[in-house]
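# Structural characterization, general
One-letter residues, chain by chain:
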Amino acid sequence: NTPDAMALLPDGSFVLSVPNYNDPTPGGVIMKISARNKVSKFFVPPPHPATGKAAPMGICPAPSGDLYYADNQFSPETPQHSRVMRIVVKDGKPQKAVTVVSGLNVANAVAIKGDYIYVSETIMVPGSDPLISGIFRFKMGEEGIKLKTPLESDPHLIAEIKSFKAAVGYGADGLCFDSKGNLYCGNFADGTIHKITFDARGEVASNEIWVKSPKMKCADGLCCDQKTDRILVGDMVQNAIQMIHPDGTVETIAINGDTDGADGGIDQPCEAIFRGNEVIISNMDLSLIHISEPTRPLYISYAVFCL
């Protein structure tokens, strides 16, 4: 009832993380949508041993075929319980989930480049003003990593993101890489995009606000087209999908007023992905952000654009 992140697979299907925040009764689940848009259950994530729940968010395929996802366990009572998990996939079928990293507050987006896994931490320093969030990097193949306390002292942290609209309460969110190896991070509260560049050794060379536009009020999930380096942004505040061109200009490709999604409209989009000449939109409709009926069905928007 609360869909979140998506990851495109080689056969044109995609997986969808569903943390089910609005109505937690069913528990978190990962669904699969085929190339013909047939929906099926893909994997039931294991609950956290301390909280008894699972909340899959950002998800990303590895070159091996395994899937990595963020398990968001954040609440004031359970700080640093969020995890990064690996779904072992064999012959296209999930086998089990393995804990890769534990000790995050709000594990959100997951991206993979080369031999590393990148994870956004949306509330790295709870109560900070401006809110301090960040991006962590882990060597692929390493597992059972336990992060330090406080999080900002952990050596896996590669970039800090500050959000100046502290009342919103969310910072570093969507992640994606362009074809040149630059990393982009959406700042949810401020509606800006950070660009992180790397030197020849793979160390961070710069971390700067790359896009700040009055057109964009929120920057949730990101997706980069590797052929054109155009980036899709879920603008949840405006019920909009923005597309950022390589020169940093922002183009609104879809926007509508308030809707429950049943008419095909956009309803709190948290992420959009490219699939051929299509844009697929995940409508989260999180009742914590916008008061709504928590048990009504939610929708994946399907749109075709001349991109």
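Residues numbered from 1 in each chain as written. Predicted model: local features only at pLDDT ≥ 70, side-chain atom pairs only at ≥ 80, totals over all residues. Heavy atoms only, no water.

### Observations regarding the sheet that holds strand β9 (residues 107-113)
Overall, antiparallel pairing links the 4 strands, which are arranged β9-β10-β11-β13 in an open sheet. In this open sheet, the two edge strands, each paired with only one partner strand, are β9 and β13 (157-163). With direction set aside, neighbouring strand axes in the sheet form an average angle of 20°. As defined by bridge partners, strand β10 (residues 116-125) adjoins strand β11 (residues 131-139) across 7 bridges and the pair is classed as antiparallel. The residue of β11 that forms the bridge with Val-125 is Ile-132. (Pairing = 2+ DSSP bridges. Helix = DSSP H or I, 4+ residues; strand = E, 2+ residues; numbered from the N terminus. Axes fitted to C-alpha atoms, helices over the stretch in contact; angles between N-to-C directions.)

### Notes on the layout of surface pockets
Roughly 940 Å³ of volume is contained in the largest pocket. Along the wall of the largest pocket there are 40 residues; nearest its centre are Leu-8, Cys-60, Cys-223, Cys-224 and Gln-226. Of all the secondary-structure elements, those providing two or more residues to the lining of the largest pocket are β1 (6-8), β5 (56-61), β9, β14 (172-177), β18 (222-224) and β22 (269-275). When residues of the lining of the largest pocket are assigned to their parent elements, the largest contribution, 6 residues, is made by β9. (1 Å grid on protein atoms, 1.4 Å probe; cavity = no way out; pocket = protein on both sides within 12 Å on 5 of 7 lines; lining within 4 Å. Points joined across faces, edges and corners; volume = space filled by probe spheres on them.)

### Brief notes about the pattern of salt bridges
This structure, assessed with the given rule, holds 7 salt bridges. We note a salt bridge from Glu-143 to Arg-86, for which the minimum N-O separation is 2.6 Å. Of the two residues, Glu-143 is situated in the loop between β11 and β12 (145-146) and Arg-86 in strand β7 (residues 82-90); the sequence distance between them amounts to 57 residues. According to the relative accessible area criterion, Glu-143 is partly exposed, its value standing at 34%. Here Asp-229 makes a salt bridge to Lys-180, at a shortest N to O gap of 3.2 Å. Highlighted residues: Asp-229 in the loop between β18 and β19 (231-235) and Lys-180 in the loop between β14 and β15 (183-187), separated in sequence by 49 residues. Of the residues examined, Asp-229 reaches a relative accessible area of 10% and is grouped as buried. (Salt bridge = Lys/Arg side-chain N within 4 Å of Asp/Glu carboxyl O. Buried < 20%, exposed > 50% of the residue type's maximum accessible area, 1.4 Å probe, protein only.)

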